[in-house]
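Per-entry structural report
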Amino acid sequence: MDVKIEASWKEELKHEFTKPYFLQVAAHLKTERATGATIYPPGSLIFNAFDQTPFDALKVVILGQDPYHGPGQAHGLSFSVPDGIPPPPSLINIYKELHADIGLPIPKTGNLTRWAQQGVLLLNAVLTVRANEPASHAKIGWMDFTDAVIRRISASKKGVVFLLWGKFAQEKQVLVDETRHAVLKAAHPSPFSADKGFFGCKHFSRTNELLRMEGLAPINWDPQS
């Protein structure tokens, strides 16, 4: 199968694209579209996280669950929305923590592409969703793929900072070799849990400290810069 994904990722993941689970994902999406279902994000943006953050440039992973399911929201980057779309509640709380942690003024845009372009892989564990049906594609095979992505990063790179927010993301910790990488954990930034340990986690400044220790450039967390 010829998957349209950034070249370095295509090389790293080439064995995944021929496995039965991945062919099943592709068939499922094709069938749903044929029956008139609306699927987010658009096909050209399903692998946007990989296209914006080549494997060789990757320094940080922020793991989300599945794409936003409202019109115009999902564009293939976890927690991010395109310019012109109001930031959702979890992203607003991320911005509040950024402000408290490093003093960054609350951004007006919810578009985190600038993070991705600096090496922050904004990876959802599930890469598609049916319109207005959260978690509707959670069991079609995407998690086999993204678990393989995390394992590949863990085995092939060194010094990556994994930010695992909430129980779902933290279940992926077992896929990371912590002798080679750093794992920072906190509550999910959702309004239902942000005050249970996300606020005050200082993950943005801590990430940059860890990157400096690896001799890597820190992330400029201002998505508007």
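Please refer to the structure higher up on the page.
All of these numbers come straight from a predicted model, not from anything done at the bench.

It is worth spelling out the pairing of strand β2 (residues 60-64) at this point. Judged by how many residues are buried, β2 sits mostly within the fold: five of five residues are covered. Side chains V60, I62 and G64 project from β2 onto one buried face, and the interleaved V61 and L63 project onto a second face that is buried too. Across five bridges, β2 lies against strand β3 (residues 120-124) in parallel orientation. Directly across from I62, in β3, lies its bridge partner L122.

Next up on the list: the environment of W165. Structurally, the position occupied by W165 is in strand β5 (residues 161-165). Sequence separation between W165 and Q65 is 100 residues, and the spatial gap between their C-alpha atoms is 10 Å. When sequence neighbours within four positions are dropped, the list of residues in contact with W165 reads I62, F79, I94, Q170, A186, A187, H188, P189, F198, H203 and F204. Within the structure, the side chain of W165 is placed 2.9 Å from the side chain of H203, a separation counted as a polar contact.

This part takes up the packing of helix α4 (residues 89-102) against helix α8 (residues 203-213). Following both chains from N to C, one finds α4 and α8 inclined at 60°, their axes separated by 8 Å at the closest point. Each of I94, E97, L98, D101 and I102 in α4 lies in contact with α8, whose residues at this interface are H203, F204 and S205. Classifying every residue of the contact of α4 with α8 gives four nonpolar, two polar and two charged.

Between its first and last C-alpha atoms helix α2 (residues 20-34) spans 21 Å; for 15 residues at 1.5 Å apiece the expected length is 21 Å, and the two agree. Structurally, α2 contributes buried residues whose contacts are with β1 (39-40), β4 (129-130) and α6 (142-156). Looking one or two places after α2, you find G36, whose phi comes out positive at around 95°.

Look at any regular strand and the pattern is simple: side chains alternate between the two faces of the sheet. Extensive coverage of β5 is indicated by the burial of five of its five residues. By the alternation rule, side chains of β5 split into V161, L163 and W165 and F162 and L164, which are all buried. When β5 meets strand β6 (residues 182-186), the two strands line up parallel, connected through five bridges. Considered in β6, the bridge of W165 is made with A186.

This part covers the layout of surface pockets. Considering only enclosed or pocket space, the largest pocket measures out at about 620 Å³ in volume. Taken together, 35 residues make up the lining of the largest pocket; nearest its centre are Q65, D66, P67, Y68 and H188. When residues of the lining of the largest pocket are traced back to their parent elements, those giving at least two are β2, α4 and α7 (167-170). Considering every element that reaches the lining of the largest pocket, the biggest residue donor is α7, with three residues. Here the residues of the lining of the largest pocket sort into 19 nonpolar, 14 polar and two charged. Lining the second largest pocket are 16 residues, with V3, K4, G43, I46 and F47 sitting closest to its centre. Residue composition of the lining of the second largest pocket, by class: nine nonpolar, two polar and five charged.

Reading guide: rules and limits
- Residues numbered from 1 in each chain as written.
- Predicted model: local features only at pLDDT ≥ 70, side-chain atom pairs only at ≥ 80, totals over all residues.
- Heavy atoms only, no water.
- Buried < 20%, exposed > 50% of the residue type's maximum accessible area, 1.4 Å probe, protein only.
- Helix = DSSP H or I, 4+ residues; strand = E, 2+ residues; numbered from the N terminus.
- Pairing = 2+ DSSP bridges.
- Contact = heavy atoms within 4.5 Å.
- Polar contact = N/O pair within 3.5 Å; in protein donor to acceptor, adjacent residues only side chain to side chain.
- Axes fitted to C-alpha atoms, helices over the stretch in contact; angles between N-to-C directions.
- Nonpolar A, V, L, I, M, F, W, Y, C, P; charged D, E, K, R; others polar.
- Expected span 1.5 Å × (residues − 1).
- 1 Å grid on protein atoms, 1.4 Å probe; cavity = no way out; pocket = protein on both sides within 12 Å on 5 of 7 lines; lining within 4 Å.
- Points joined across faces, edges and corners; volume = space filled by probe spheres on them.

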